[in-house]
Structure formats: C-alpha cells, structure tokens
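The primary structure of each chain is shown beneath.
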Amino acid sequence: MKLTWQRYDLQLKHIFRISRSAGKITPIVIVILEHEGILGYGEASPSARYGETPDTVEKFLQKIKLQQFDSPFLVEDILHYVDLLAEKNTAAKCAVDIALHDWIGKKLGVPLHTMWGLNPKKTPLCSFTIGIDTVEVIAQKVREAEEFPILKVKVGLENDKEIIDTIRGITDKVIRVDANEGWKSKELALERIKWLQDNNVEFIEQPMPAAQLDDIKWLRDKVNMPIIADESVIRLSDLPILAQAYDGINIKLMKCTGLREAMRMINTARALNMKVMMGCMIESAVGISAAAQLSPLIDFADLDGNVLINNDPFDGIKNEKGALHLSNAIGIGAEPRM
Ligand code: MG
C-alpha cells in the first residue's frame, strides 16, 4: 500500500470573505493511495481555524507507515492507527479516510452510497454560498446564483442587515444564514436573529463564538429559529454537550477526520434528536464527492465548495441547480481531469 500526495492551489471565482477571513486562493493537498494497481483519491483542505496548513498536512502524512497493513479493507484498524499518530490534524486524517474509502469502492466496483445502502434520490438540495461583500457584489453574486434554489449567506460583520436587505430585494428564495462566530455578545446575537426571523430565514449557523456555549443556550430559549453548530462541533465526542444548546450540527469531513467518523456523528445526532447538515471547506471535487456520498442521510446539504472555484483538478459528483447527482461512478465518484 503506497501513499503519495501533491499540493494544489484552488482558485476562487470571487474573493471569499467570512467574518474572520478573506481570500482568493485555497491550497489543498491531494492524497493518492495505491494498492494492487487501483488508485484511491483523498483530499485535505486545511483550515487555519483548526490549526492546519498545507505544511502541517504534509508533516502529518509523512508519519504514516501503511506498509504494516495487509490491505486497505482494514480501514477500521488503519484509521485508528492514523488517528493516534497525533492530536487534531483532522483534514490530513480526512485525506487518508477518503482515499481508503475511494479505493474500497473502486475495488468492489460500486459507489460508496450503494455500498452503504443509501437511496441516491434522498439527497437534499444543496445551498449556494454568498460570502460577505459590498452590496453591489452581493447583488451580482445573487444574480449569478439564480439557478440555485437555496442561498447560504455569510454575515457577522457590520453590514448584516444591508446584505440580507439586498438579497431580499432581488429574491424570495430560501435563505440560510451563517455568522461564523461573528456576534460576540448574546444581546447583539438575539437582536440580529429576531431581525432574521422577520426576513424569512430558515436557520442560523454558529451565531456566536464556540467558546460561549452558555450564551448560545440562553439565545436558543429566546428565538424561533433553529440554531446549527458549525465551529462548535468538530468530532463525535463534541455532540452530547452541544445537544443542550443547538438544534443541529454541521458536519464537515475536514473537521471530523472523514467519512467513517461522519457516519458515526450522523447516527449519534439522530439519537440526540438533532438536525444534520453537511458542509465543506473550499474543496475540489474529491472532498465534495466524498461528502455527497453520505448526503442521503442528512437534512441540509451545503456542499458547494467546488462550485465556487474555477480550476477544479477533478471531475466528480455534479451539482446541477443545487441538485447533487449521485451517479454510478464507483468509489467517491471523482476522477482527475488529466
Ligand atoms: Mg459555517
């Protein structure tokens, strides 16, 4: 079993701004697992929010010695070993998880959703993300996103109301809002969420910093809008305490170490009566296609990370007007363009 990797810079169509950062290039690391002539592809899209960079990803990958395992089918043993190599490094671990699952699907000749017994018709519609910007650019982005039925709008700076007013002036389609921890006081968060309620918003994601769990509990009792955890939820072990403050969780493969743990998180969230959303970082079709394979199990899909870029090195699960088409392509369903 051989593991190799390559860095790649994803180029965004627009500068992507959220409450804590902005950028036009996202560096990723593509991982290739080779065994018996079959290639499994994986991806790490490291996020500074969780302490990762392309350098930390490569440093972590260098520690992995897969020669000790006879076969990629030993995915439970392999991922347990990988997880114990170092704390955190979740995107790096995720790259290995995706590559293993891709290899297994290809070896068996089935897409992962088929292997898991999931109905591809149950995939929810995917939202299209609008980053923070001037009202002129927001208006332009909303028009560009005309064919997408659901918008996910980033807020959390000074111009929240201006952004929502601008969008509502153009369309009455479903809006979901993500503050990315931007509102630092519970009073401000309460005022903004009440205003969003009046503007027909479906839910609010991560209104306040992850560390302010008691404030979010306070908030939840005062609003009539589901509150979804994103930055608050990283891995499976976070879930029980979050059920006291949130109505749902946003699972991202890059945060939770990959498909295997994501599946466990979905099952645990259901046991805790929580809604499940799957989101993404800015990613290529590798990460997005892998996450899409699980999407028949979720309530909300926010898997548009590769729709926002213009140089995706992979061809994967198609997003047509927000519909993710889980095809018969084997493994994760993504192949290199070259
Ligand atoms: Mg979010």
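It should be emphasised that the depicted structure is a prediction, and the values quoted were computed from it without experimental measurement.

## Section: the overall build of the chain
Within the chain, the secondary structure is distributed over 12 helices and 15 strands. Taken over C-alpha atoms, the radius of gyration comes to 19 Å for the chain, in line with the 20 Å a tight globule of 338 residues would show. Overall size of the chain, expressed as C-alpha extent along the three principal axes, is 60 × 40 × 40 Å. Burial statistics for the chain: of 338 residues in total, 59% are counted as buried. Taking the 41 positively charged and 47 negatively charged side chains of the chain as two groups, their mean positions are separated by 1 Å.

## Focus on the coordination of the magnesium ion
Protein coordination at the magnesium ion: the donors are Asp178 (OD), Glu205 (OE) and Asp230 (OD), at 2.1 to 2.2 Å from the metal. One chain supplies every donor to the magnesium ion, and in sequence these donors are spaced D-x26-E-x24-D. Pair noted here: aspartate 178 is in strand E6 (residues 174-178) and aspartate 230 is in the loop between strand E8 (227-229) and helix H9 (239-242), with a separation of 52 residues, a long-range link. For the pair formed by aspartate 178 and aspartate 230, the shared burial category is buried.

## Describing the packing of helix H6 (residues 160-168) against helix H7 (residues 186-198)
Look at H6 against H7: their axes get within 11 Å of each other, and the N-to-C directions meet at 10°. By the criterion of interaxial angle, the relationship of H6 to H7 is roughly parallel. Judged by residue contacts, Asp160, Lys161, Ile164 and Asp165 of H6 engage Glu191, Arg192, Trp195 and Leu196 from H7. In the contact of H6 with H7, the residues fall into 3 nonpolar, no polar and 5 charged.

## Things to note about the sheet that holds strand E2 (residues 22-35)
The 3 strands lie next to each other as E1-E2-E3, forming an open sheet whose pairing is antiparallel. Both outer strands of the open sheet, strand E1 (2-17) and strand E3 (38-44), are each paired with one neighbouring strand and no more. Neighbour to neighbour, the strand axes of the sheet diverge by 25° on average, direction disregarded. Pairing analysis gives 7 bridges linking E2 to E3, with the strands arranged antiparallel. The residue of E3 that forms the bridge with valine 31 is glycine 42. Contacting E1, E2 and E3, helix H1 (residues 54-63) crosses the sheet at an angle of about 165° to E1.

## Brief notes about the pattern of salt bridges
In the structure shown here, the tally under the stated rule is 30 salt bridges. Where lysine 152 meets aspartate 178, a salt bridge forms, and the shortest distance between an N and an O atom there is 3.4 Å. Here lysine 152, found in strand E5 (residues 150-154), pairs with aspartate 178, found in strand E6; they are 26 residues apart in sequence, far enough to count as distant. Its relative accessible area of 2% is what places lysine 152 among the buried residues. Residue aspartate 160 pairs with arginine 192 through a salt bridge whose shortest N-O separation is 2.6 Å. Remark: arginine 192 occurs in helix H7 and aspartate 160 occurs in helix H6; sequence separation between them is 32 residues.

## Topic: the sheet that holds E8
The strand order across the open sheet built from 8 strands is E4-E5-E6-E7-E8-E9-E10-E11, with neighbouring strands paired in parallel fashion. What marks the edges here is a single partner per strand, and that holds for strand E4 (128-130) and strand E11 (300-301). Here 3 bridges tie E6 to strand E7 (residues 201-205), and the two strands are oriented parallel to one another. Across the sheet, residue isoleucine 175 finds its bridge partner in E7, namely valine 201.

## Description of the environment of lysine 275
Inspection of the secondary structure puts lysine 275 in strand E10 (residues 275-279). In sequence terms lysine 275 and aspartate 247 are 28 residues apart; their C-alpha atoms lie 6.2 Å from each other. Discounting residues that sit within four places of it in the chain, lysine 275 has contacts with Asp247, Gly248, Ile249, Arg270, Asp299 and Phe300.

## Describing helix H8 (residues 213-220)
Regarding H8, the residues found buried are Leu213, Ile216 and Leu219. Axial view of H8: buried residues confined to an arc of 115°, hence all on one face. The elements touched by buried residues of H8 are H7, E8 and H9.

## Quick word on the packing of aromatic side chains
Applying the stated criterion to the full structure yields 5 aromatic pairs. Arranged with centres 5.1 Å apart and planes meeting at 70°, the rings of tyrosine 41 and phenylalanine 314 form a pair that is edge-to-face. Taken as a pair, tyrosine 41 in strand E3 and phenylalanine 314 in strand E12 (residues 314-315) lie far apart in primary sequence, 273 residues in all. Residue phenylalanine 314 is classed as buried on the basis of its relative accessible area of 5%. Across the ring face of tryptophan 218, the terminal group of lysine 186 is positioned such that the distance to the ring centre comes to 4.8 Å.

## Here's the deal with helix H5 (residues 135-144)
Residues of H5 that are buried: Ile138, Ala139, Lys141 and Val142. Seen from one end, H5 has its buried residues packed into an arc of 165°, which puts them on one side. Among the exposed residues of H5, those pointing more than 90 degrees away from its buried face are Glu136 and Arg143. Contacts made by the buried residues of H5 are with E1, E4, E5 and H6.

Cut-offs used in this document
Residues numbered from 1 in each chain as written. Predicted model: local features only at pLDDT ≥ 70, side-chain atom pairs only at ≥ 80, totals over all residues. Heavy atoms only, no water. Helix = DSSP H or I, 4+ residues; strand = E, 2+ residues; numbered from the N terminus. Rg over C-alpha atoms; globule rule 2.2 N^0.38 Å. Buried < 20%, exposed > 50% of the residue type's maximum accessible area, 1.4 Å probe, protein only. Lys, Arg positive; Asp, Glu negative; His and termini not counted. Charge placed at Lys NZ, Arg CZ, Asp CG, Glu CD. Donors = N, O, S within 2.8 Å, 3.2 Å for Na, K, Ca; no water. Axes fitted to C-alpha atoms, helices over the stretch in contact; angles between N-to-C directions. Parallel < 35°, antiparallel > 145°, perpendicular 65-115°, else oblique. Contact = heavy atoms within 4.5 Å. Nonpolar A, V, L, I, M, F, W, Y, C, P; charged D, E, K, R; others polar. Pairing = 2+ DSSP bridges. Salt bridge = Lys/Arg side-chain N within 4 Å of Asp/Glu carboxyl O. Arc of directions from axis to C-beta. Phe/Tyr/Trp six-rings, centres within 6.5 Å; stacked < 30°, edge-to-face > 60°. Lys NZ or Arg CZ within 6 Å of the ring centre and 35° of its normal.

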